[in-house]
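So you can see what is in the structure, the chains are spelled out below.
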Amino acid sequence: MFEFPDKTIERSVVELNKSDFVSDQMVKWCPGCGAHAILASIANVFPKIGYRKENFMMVSGIGCSSRFPYYVNTYGFHGIHGRANAIASGVKIANPNLSVWIATGDGDSMAIGGNHFIHIIRRNIDVNIVLFNNQIYGLTKGQYSPTTPMGSVTKTSPQGTIEHPFNPGELVLGAQGTFFARAVDTNVKLMTEVMFEAARHDGTSVIEILQNCIIFADKTHEAITDKEVRDDSQIHLKNGEPLIFGKNKDKGIRLNGSQLEIVTLGENGITEDDLLVHDQYQQDPGVHLMIAKMYPPHFPVALGIIRSAMYPTYDDLVEAQIAKAQHTSKILCVDDLLNSGDTWEIK
Amino acid sequence: MSDQTNFIEKEDVVVKFCGDSGDGMQLAGTLFSDAAALLGLDLATFPDYPAEIRAPHNTIAGVSGFQVHVGRKKIETSGDFVDILVAMNPASLKSNLKWTRPGATIIVDADSFDEATCKKAGYITNPLEDDSLEGYNLVKAPVTMLTRNALQALGIDNKTADRTRNVFTLGIIYHIFSWKLDTTVNYFKTKFKKKPEMIEANKLVLETGYSYADTVETLGSSYHIAKAKMPAGRYRNITGNVATAWGFLAAAERSGRPLFLGSYPITPATEILIELVKHKSLGAKVFQAEDEIAGICSAIGASYTGSLALTTTSGPGLSLKSEAIGLAVMTELPLVIVNVQRGGPSTGLPTKSEQSDLMQALFGRNGEAPVVVIAASTPADCFKYAYESAKIALEHMTPVILLTDGSLGNGSQLFRIPKVADLPSITPPLAEPNDKDYKPYKRDPETLVRKWAIPGTEGLRHRIGGLEKENGSGNVSTDPANHQLMTDLREAKVQKVADFIPEQGIVGDKKGDVLVVSWGGTRGTTEAAVEELQKQGKKISLAHFHHIMPLPKNTHEVLAGFKKIIVCELNSGQFVNYLRMKEPDFKYLQYNKVMGLPFTVTELVARFNEMF
């Protein structure tokens, strides 16, 4: 296991397991909902991360995703629509000793809470955002969301949507995100892996989960997750390794000028050496953005960690400024403050 | 000449400095009030500035003023009418003349009154040359010319010289009061430590103004104000916004809970944010959020994790925070929301003061969402009420809305410095680690307050949120009977705060002909008006409310002692309607004003007189 760079959060002295995080609440998501697999991944990863169980905190907004805190036995706060990221900002700044996890959806964080989403990322507050992207408003029963593909027929778009959807990865990188990963709800192992890496990352980590809504947007990610096509429509990123995919591992992604292109290994003399090698740690987000934007039918979707760059976190800088002020200021208690500057005695 | 000057003994004097924004009037007023304070006078100040940073030159819209009321008596307001007016240009004269007492001394920079500037201010003829100012003691001082001349000797150009014209007028004022110049000279020494030539220049201009006044016969008499009789102690001058910030810092220290402010800049509340962010050495965490909603939501997050959580705003911002206040009500978390009220609705009058957000504070949320509402009444007591708001929020696990207003926030007053150890203790209901009986909504049977289980504490993991909760367990519940119970409990919990606040006080006798009722920032004027009529032998008293929700327990008894009740407020009648709802046994008269201006003592005295 890797050493965690973050020494702020106290680690558990005993080994934890899944049962330490099971809550006593009945899980009320629809049978077959992708959220169940996300919950299973969280239950896998929290004991692995190994912090004291009291130091985990889950925050959510509103939506199907946002019922999450009730189903995990941690400290938890179920907020109001769109505000999970704002609430969690206060949690982490006020108490950096907590490992803060945000469960949010494409409505909660891309629409009503879009402002808080970009600003928590821009500030690089050390939290982990699990973004359940099912491309639909589930809890309000089937209206289109900011990630619904253009043209989709929904309750509020009977003739098809006429809006360009967000690609969450582009939004994260555009907001100067330091960590972005993508996973699918059909792959618990992958979700667990990227959640673990998100926890290790110092700064705002965003994990987009392509999640199926069995009721209102069933098979919305079918072109990516279907067993028949997934080998050709998914590419699993590994740091330091070339971008290879396909059932026969014979396809790759190469940088041609300023654009990505798909090539076939062995054709026209193409070898692995010609392919783009993934560097998740590079500071410049240019190539990360190109990878995040890959989407069927022209490209496979990139899964795994797309970006994981080192930058100072907001919460560390807050603590550093306070420590500096306490070291240099003459005002160390409120009595000092009240008596500072021009004062005079009346007898 | 000066030894022939007559001294007129005064109880109090109102001085106002006004000019173009950028003429340094705020500074001149501040320096004058600091000097007065150090001489032992009581005082209150009020800045009056345009919303625009630099409005067009020499226009009425661009006039910036700073009013100072000094006296030996207790100073309760910044004064209705001005005794000494400094007007740096025609526009500032024009816009302030109606607030200037007949016979007042008006000092103008005569050099700035030409055809163009007079016309820009809306004068048809030059007011210094026609007879329109006959009823005043007019001093036509060539301020610009004399300042430039004085600084020429130091090789200072005219543009730089013109920036010290405010200091010249300050010199004239000091002469009128026969004050020494040292307080202000000391200020220059600190301010211009790195520019010694500016220390010299400002000192020279101050002295030039002082000497100039010596030669002006129209100034005639000098004012003398004896020291004020104030309770012994250490004092300072403080604005309401700074006092609010400091009250919270004191509450954080006394309660042992770290201070967290989530806020978004908005006039006239921004100074609280600016003040708190200076005090990282006291551990204050201040988060300038991306919007008003993130301001309060971050504070709610911080509150859940154990902070004394605050958010500060003004009217429009309170509207944006409404939904989140409901969340704090539902989660029963401590939170103080400060609303430094301004003129509304919408963007309204950002730099003018009003009391028109009372109904919003009381009821402006979806569902039945009771919160404690407290109002400060003077710049200095913003400290006390900020402290009390924090104490109630922390001890009763409830949001508290603290109402101040632009006049209080920007106005200043002398403040007797307390010792933090002498302030009332604050004991939040923290849950103990591994408390086997802990349940998120298990309540103290007396106060109905739930316990605060702070993340990180062993054995207390729990979930709360905005959905209705089952009483006790805190599980999500849609049970009809439980919703009724929780609605009643939330209301009762807030009402029980009445057991912990002081009884309503009365200025004057407990029985009489007229009871004046006021609340919040109008106290200075209502109290002065009532005291004036009391001196005339009228049976009039004042009940000035600081606690609005809940009302003090003796409210009914206070109201019952009088034949007539008149409720005065700077809105169309919000508190009076609240009283009609809460205390329906009485007939209420009302006196209201919604002009973005404070009451004057004069208008209140006139109105109250009609009631006898």
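Residues numbered from 1 in each chain as written. Chains lettered and ligands numbered in written order. Predicted model: local features only at pLDDT ≥ 70, side-chain atom pairs only at ≥ 80, totals over all residues.

Overview of the overall build of chain B
Looking only at helices and strands, one finds 20 helices and 22 strands in chain B. For a compact globule of 612 residues, the expected C-alpha radius of gyration is about 25 Å, and chain B comes in at 27 Å, within 12% of that figure. Its C-alpha atoms give chain B principal-axis dimensions of roughly 85 × 60 × 45 Å. (Helix = DSSP H or I, 4+ residues; strand = E, 2+ residues; numbered from the N terminus. Rg over C-alpha atoms; globule rule 2.2 N^0.38 Å.)

Side note on the sheet that holds strand 18 (residues 512-519) of chain B
What links the strands of a sheet is backbone hydrogen bonding, and the strands pair in either a parallel or an antiparallel sense. All names here are of chain B. Across the sheet, which stays open at both edges, the four strands sit in the order 19-18-21-22 with parallel pairing between neighbours. Strand pairing shows two members of the sheet lacking a second neighbour, strand 19 (540-545) and strand 22 (588-592), which therefore form its edges. If you compare each strand with its neighbour and ignore which way they point, the axes differ by 25° on average. Two elements, strand 18 and strand 19, share six bridges in a ladder whose sense is parallel. Residue pairing across strands places Val517 opposite Ala543, the latter belonging to strand 19. (Pairing = 2+ DSSP bridges. Axes fitted to C-alpha atoms, helices over the stretch in contact; angles between N-to-C directions.)

Quick word on the domain arrangement of chain B
All names here are of chain B. Assigned domains of chain B: these are domain 1 (2-225), domain 2 (236-422), domain 3 (429-501) and domain 4 (512-609). Averaged C-alpha coordinates put domain 1 and domain 4 at centres separated by 36 Å. Between domain 1 and domain 4, the residue contacts involve four residues of the former and seven residues of the latter. Its residues placed into classes, the side of domain 1 that touches domain 4 shows one nonpolar, one polar and two charged. (Domains from an automatic or database assignment. Contact = placed C-beta atoms within 7 Å. Nonpolar A, V, L, I, M, F, W, Y, C, P; charged D, E, K, R; others polar.)

With respect to the packing of helix 11 (residues 292-304) of chain B against helix 12 (residues 315-331) of chain B
Residue and element names in this part refer to chain B. Interhelical geometry of helix 11 versus helix 12 gives an angle of 25° and a closest axis separation of 8 Å. Judged by the angle between their axes, helix 11 and helix 12 are roughly parallel. Pair helix 11 / helix 12 crosses with right-handed handedness. Here Glu292, Ile293, Ile296, Cys297 and Ile300 of helix 11 come into contact with helix 12, specifically with Gly317, Leu320, Lys321, Ala324, Leu327 and Ala328. Of the residues assigned to the contact of helix 11 with helix 12, the class counts are eight nonpolar, one polar and two charged. (Parallel < 35°, antiparallel > 145°, perpendicular 65-115°, else oblique. Left-handed = near helix turned anticlockwise from the far one by under 90°.)

Let's talk about the nonpolar core
Within the largest apolar cluster, 266 residues are counted, with the highest numbers of intra-cluster contacts made by Ile207 of chain A together with Leu249 and Ile300 of chain B. When neighbours within four sequence positions are excluded, Leu249 of chain B is seen to be in contact with Val334 and Leu337 of chain A together with Leu259, His279, Leu282 and Ala284 of chain B. (Core = buried A, V, L, I, M, F, W, Y, C linked by C-beta atoms within 7 Å. Buried ≥ 20, exposed ≤ 12 C-beta atoms within 10 Å, placed from the backbone.)

Notes on the interface of chain B and chain A
In this complex, chain B contributes 56 residues to the contact, which on the side of chain A involves 49 residues. Elements supplying a minimum of two residues to the side of chain B that touches chain A: helix 1 (25-38), strand 9 (233-239), helix 9 (240-255), strand 10 (259-263), strand 11 (285-288), helix 11, helix 12 and strand 17 (463-465) of chain B. Here the element with the most residues in the side of chain B that touches chain A is helix 11 of chain B; it accounts for nine residues. When grouped by side-chain class, the residues that make up the side of chain B that touches chain A number 27 nonpolar, 16 polar and 13 charged.

Here we look at the packing of helix 1 of chain B against helix 6 (residues 165-177) of chain B
Residues and elements named next belong to chain B. Between helix 1 and helix 6, whose axes approach to 9 Å, the crossing angle comes to 30°. The pairing of helix 1 with helix 6 is recorded here as roughly parallel in orientation. Read as a crossing pair, helix 1 and helix 6 show a hand that is right-handed. For the pair helix 1 and helix 6, the contacting residues are Met25, Leu27, Ala28, Leu31 and Phe32 in the first and Asn166, Thr169, Leu170 and Ile173 in the second. Here the residues of the contact of helix 1 with helix 6 sort into seven nonpolar, two polar and no charged.

Observations concerning the sheet that holds strand 9 of chain B
Strand order in the open sheet formed by nine strands is 12(A)-9(B)-16(B)-3(B)-4(B)-2(B)-5(B)-6(B)-7(B), and the pairing between neighbours is mixed. Strands with a single pairing partner mark the edges of an open sheet, and in this sheet they are strand 12 (344-346) of chain A together with strand 7 (137-141) of chain B. Strand after strand, the sheet turns through a mean of 25° between neighbouring axes, direction not considered. Pairing of strand 2 (residues 12-20) of chain B with strand 4 (residues 63-71) of chain B, which is carried by nine bridges, proceeds in the antiparallel orientation. Bridge pairing in strand 4 of chain B links Val14 of chain B to His69 of chain B. Running at roughly 10° to strand 4 of chain B, helix 1 of chain B makes contact with strand 12 of chain A together with strand 2, strand 3 (42-48), strand 4, strand 9 and strand 16 (412-416) of chain B of the sheet.

Considerations on the environment of Pro149 of chain A
Residues and elements named next belong to chain A. Inspection of the secondary structure puts Pro149 in the loop between strand 4 (127-133) and helix 5 (168-174). Since 16 C-beta atoms lie within 10 Å of it, Pro149 is described here as partly exposed. In sequence terms Pro149 and Gly105 are 44 residues apart; their C-alpha atoms lie 16 Å from each other. For Pro149, the contacting residues outside a window of four places in its chain are Gln135 and Pro165.

Here's the deal with helix 6 of chain B
Residue and element names in this part refer to chain B. Compared with the 18 Å implied by 1.5 Å per residue over 13 residues, the 19 Å span of helix 6 between its first and last C-alpha is a close match. The buried fraction of helix 6 is high, at 13 of 13 residues. One or two residues past the end of helix 6 sits Ser178, with phi positive at roughly 55°. (Expected span 1.5 Å × (residues − 1).)

Here we look at the pairing of strand 10 of chain B
Residues and elements named next belong to chain B. A large share of strand 10 lies buried, amounting to five of its five residues. Pairing geometry for strand 10 and strand 11, over four bridges, is parallel. Across the sheet, the residue bridging to Ser263 is Gln288, located in strand 11. For the crossover from strand 10 across helix 10 (residues 270-277) to strand 11, the handedness is right-handed. (Right-handed = clockwise from strand over helix to strand, strands pointing away.)

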